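Examining the three-dimensional arrangement
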Amino acid sequence: MDKTISSVAEAVADIPDGADVMIGGFGGSGAPIELIHALIDRFRTTGSPKNLTVVNNNAGNGYIGIAAMIKAGMVRKMVCSFPRSSNADAFNEKYLAGDIELELVPQGTLAERIRAAGAGIPAFYTPTSFGTELAEGKPTEEFDGKMYVRERWLKADFALIKGEKGDAFGNMTYRMAGRNFNPLMAMAAAKTIAQVAELGEPGSIDPQQVVTPGIFVDVIVQVSEPQQEEVLVRTGVVY
């Protein structure tokens, strides 16, 4: 039952080439920077993992976190809502060169596809994207006089998430907006790897405050002073 692990490097050691990896965060809020950088360190040392499909709200900023993964050549495909957010030069360069694929998904649809996977719902209907290029080739149906597009669930092999407090059983809480995609991704992945700022014994979190139950977390590691993406970008850090 004890899911704690001693280092971020050990936490990401089993992610293989070609894996589908969900990474939590809304911009820098709730982004597991230390887990991402540990994965980059492993790639630079061993050449693996590569050819990854990464699911995130955006395609990274500056040259840290997901952007650094893209710059390093680890990512084959991005599934996201905002690939051209502020300072997305790493993605733009790779995409214009034809070195990375993009699956563009409206933000609400992205969240619901992930949630549906965690809930065991293989498909659902949404009016979003009907009549646009994003709906081409997808089944549509009319409900109460309005057209809807059928979207499939979105699963992953791994999820990298960030929380505020956790315990040895994997129960977790989040800090304010840092909650965002993290709980959904924890449920939609075959294996969830979490970093938390505070890590306590079972029972140290009031059960009524738990947001992500430990059943959805496979590995948990403490990062007591996590870095914030926006600060790293603003100060020009290149990982």
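The preceding data block contains the structure.
Residues numbered from 1 in each chain as written. Predicted model: local features only at pLDDT ≥ 70, side-chain atom pairs only at ≥ 80, totals over all residues. Heavy atoms only, no water.

Now for the pattern of salt bridges. One pass over the structure, following the stated rule, counts eight salt bridges. In this structure, lysine 77 and glutamate 103 form a salt bridge, with 3.2 Å as the shortest nitrogen-oxygen distance. Here glutamate 103 lies in strand β4 (residues 101–104) and lysine 77 lies in strand β3 (residues 75–80), a separation of 26 residues in the sequence. A salt bridge links arginine 113 to glutamate 103; its shortest N-O distance comes to 3.0 Å. Of this pair, arginine 113 sits in helix α5 (residues 107–119) while glutamate 103 sits in strand β4, and the two are ten residues apart along the sequence. Using a relative accessible area of 8% as the deciding quantity, one classes arginine 113 as buried. Glutamate 103 gets classed as partly exposed once you look at its relative accessible area, which sits at 24%. Within this structure, Lys77, Glu103 and Arg113 form a network of salt bridges that share partners. (Salt bridge = Lys/Arg side-chain N within 4 Å of Asp/Glu carboxyl O. Helix = DSSP H or I, 4+ residues; strand = E, 2+ residues; numbered from the N terminus. Buried < 20%, exposed > 50% of the residue type's maximum accessible area, 1.4 Å probe, protein only.)

Contact pair helix α2 (residues 33–46) / helix α3 (residues 65–72): the axes reach a minimum separation of 9 Å and the direction vectors enclose 15°. Taken together, the axes of α2 and α3 are roughly parallel relative to one another. Helix-helix and strand crossings are classified by hand; for α2 and α3 the assignment is left-handed. Residues Ile33, Ile36, His37, Leu39, Ile40 and Phe43 of α2 lie in contact with α3, whose contacting residues are Gly65, Ile66, Ala68, Met69 and Ala72. Per-class residue counts for the contact of α2 with α3 are nine nonpolar, two polar and no charged. (Axes fitted to C-alpha atoms, helices over the stretch in contact; angles between N-to-C directions. Parallel < 35°, antiparallel > 145°, perpendicular 65-115°, else oblique. Left-handed = near helix turned anticlockwise from the far one by under 90°. Contact = heavy atoms within 4.5 Å. Nonpolar A, V, L, I, M, F, W, Y, C, P; charged D, E, K, R; others polar.)

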